[in-house]
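The primary structure of each chain is shown beneath.
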Amino acid sequence: GNDGVIGFTNQLDKLEGTLGKIGSMKDLMQRGKLDMDGIFELCELYFQMRNSGEINNIGAGIVANTNLPADKYFRVAGYLVRLGNYDLMEKALDLCVGKLPENVPAAVYRDLFAMYGTGGKLEKASVHLQKYLKLTPQDWQAWLDMAFLQLVAGKTNDAVKAADQALLVGGGDAMNAV
């Protein structure tokens, strides 16, 4: 009875609040008064509302600005990969990669591999997986990923070498995964 009506009313109130917040933030953005954190918060709100068109528009605007730090391109690429906009994601990641400092944590390369790979950009995925493996040679799962990428690329010998390395560092766990 009343619990259902109260729950529905609460959902409507939340929706109205979200729409109001989106309107205010969009107005600030259009006037150039919303910082990058605010823009990413707006993207999250658009995700809640399942408004992929607006996220793609924001992503295109960010990618068009080549003066941002690497982490901003990386972050927008994360949104774009979730939307399946792999071409724009690739542009964002390429901008990110061009601005990465020398001492990047291994996890960043792993994430770049994952995003490029999800987007079907396997050559670029392979480059970043190789960088990850140089920093983290004991990750047998990553060696299996490399074996797969090499196999897809038609590099059978390299695939076998990567699979052997996975078995060497992963032992029984790697054997069970194969």
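Residues numbered from 1 in each chain as written. Predicted model: local features only at pLDDT ≥ 70, side-chain atom pairs only at ≥ 80, totals over all residues. Heavy atoms only, no water.

Engineer: For the overall build of the chain, give the residues involved together with the corresponding values.
Structural biologist: Check the secondary structure of the chain and you find nine helices and zero strands. What you see in the chain, going N to C, is helices and strands ordered as α-α-α-α-α-α-α-α-α. The C-alpha atoms of the chain give a radius of gyration of 21 Å, which is well past the 16 Å a tight globule of 178 residues would have. Classification of the 178 residues of the chain by burial places 35% in the buried group. (Helix = DSSP H or I, 4+ residues; strand = E, 2+ residues; numbered from the N terminus. Rg over C-alpha atoms; globule rule 2.2 N^0.38 Å. Buried < 20%, exposed > 50% of the residue type's maximum accessible area, 1.4 Å probe, protein only.)

Engineer: How would you explain helix α9 (residues 156–177) if you had to name every residue and give the values?
Structural biologist: Counted at 1.5 Å a residue, the expected span for α9 with its 22 residues is 32 Å, but the 19 Å between its end C-alpha atoms falls short. At G171, α9 shows its largest kink, close to 130 degrees. For α9, every residue scored as buried is listed here: A159, A162, A166, G170 and A174. In this fold, the buried residues of α9 make contact with α8 (140–152). (Expected span 1.5 Å × (residues − 1). Bend = angle between axes of the 7 residues up to and from the residue. Contact = heavy atoms within 4.5 Å.)

Engineer: Before we move on, could you go through the packing of helix α5 (residues 86–98) against helix α6 (residues 106–118) and cite the residues and values that matter?
Structural biologist: Where α5 contacts α6, the two axes come as close as 10 Å, and the packing angle between them is 155 degrees. Taken together, the axes of α5 and α6 lie roughly antiparallel to each other. Pair α5 / α6 crosses with left-handed handedness. Here Y86, M89, E90, L93, D94 and V97 of α5 lie close against α6, whose contacting residues are L112, M115, Y116 and T118. (Axes fitted to C-alpha atoms, helices over the stretch in contact; angles between N-to-C directions. Parallel < 35°, antiparallel > 145°, perpendicular 65-115°, else oblique. Left-handed = near helix turned anticlockwise from the far one by under 90°.)

Engineer: Please provide a residue-by-residue account of the pattern of salt bridges, values included.
Structural biologist: Counted by the stated rule, this structure contains eleven salt bridges. One salt bridge in this structure joins K26 and E54, with 3.2 Å as the shortest N-O distance. Of this pair, K26 sits in helix α1 (residues 2–30) while E54 sits in helix α3 (residues 52–64), and the two are 28 residues apart along the sequence. Since its relative accessible area comes to 26%, K26 is described here as partly exposed. (Salt bridge = Lys/Arg side-chain N within 4 Å of Asp/Glu carboxyl O.)

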